[in-house]
Amino acid sequence: MWFCLCLPMLAVVSVFAADLHPGETLRGKLVLRDAKPPAVETAEHKLVTLDGDEPTRKVLGDRRLNGFDIEAKGHFTAPDRFLIDPIHTRGLLVRHDSKLRMITYWCDTCSIRSFTPGPCVCCQRETTLDLRDPDEL
């Protein structure tokens with residue numbers, strides 16, 4: 001009988017234990033190469049492959065960001081693979097003008113902001129890359 005009572009307690013302990021391990025931050029230069037997944041070149045000149053949720057993968061595929069210094073929050077899934085936290089957590093930022101900026105996309109025609117590249121949801125014109133201070137949004 002005591003065994004049945006302990007199992008739910010173990011589940012609660014494991015949930016709290018997961019919260020004790022904060023994510024990691026990866027910094028480096030974004031490298032976008034033809035037919036290869038996006039990667040970060042670290043200060044040690046090591047390439048780390050990046051992945052994330054679907055919206056984050058769309059951002060990582062935006063060639064306009066190639067060569068930017070980035071800061072990604074998430075965790076390593078292997079020594080050379082990094083999974084970025086979901087886009088709603090602001091897990092991917094770029095350094096521009098010596099400041100960290102959030103990656104957004106703007107339609108000048110409709111004044112609509114989005115967080116993934118592509119056509120405007122209203123007029124279907126291509127959105128422009130618009131790096132913003134994370135505290136402004």
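Residues numbered from 1 in each chain as written. Predicted model: local features only at pLDDT ≥ 70, side-chain atom pairs only at ≥ 80, totals over all residues. Heavy atoms only, no water.

(A) Representation of the packing of aromatic side chains in the model. Within the structure shown, the criterion is met by 1 aromatic pair. The interplanar angle of 75 degrees and the centroid separation of 5.0 Å between the aromatic rings of phenylalanine 76 and phenylalanine 82 together place this pair among those described as edge-to-face. (Phe/Tyr/Trp six-rings, centres within 6.5 Å; stacked < 30°, edge-to-face > 60°.)

(B) Local environment of the environment of threonine 42. As for its position among the elements, threonine 42 is in the loop between strand 2 (39-41) and strand 3 (47-51). For threonine 42, a relative accessible area of 10% puts it in the buried group. Taking C-alpha positions, threonine 42 is 9.1 Å from leucine 30, a pair spaced 12 residues apart along the chain. Setting aside its immediate chain neighbours within four residues, threonine 42 contacts Leu26, Arg27, Gly28 and Val48. (Helix = DSSP H or I, 4+ residues; strand = E, 2+ residues; numbered from the N terminus. Buried < 20%, exposed > 50% of the residue type's maximum accessible area, 1.4 Å probe, protein only. Contact = heavy atoms within 4.5 Å.)

(C) The arrangement of the nonpolar core in detail. Leu50, Leu65, Leu92 and Ile103 are the most contacted members of the largest nonpolar core, which totals 19 residues. Sorting the residues of this core by element identifies strand 1 (24-31), strand 3, helix 2 (54-60), strand 4 (69-78), strand 5 (81-84), strand 6 (92-96) and strand 7 (99-107) as the ones contributing at least two each. In contact with leucine 65, other than residues within four places in its own chain, are Leu30, Val59, Val94, Ile103, Tyr105 and Leu129. (Core = buried A, V, L, I, M, F, W, Y, C linked by side-chain atoms within 4.5 Å.)

Bear in mind that shape data such as this cannot, by itself, settle questions of function.
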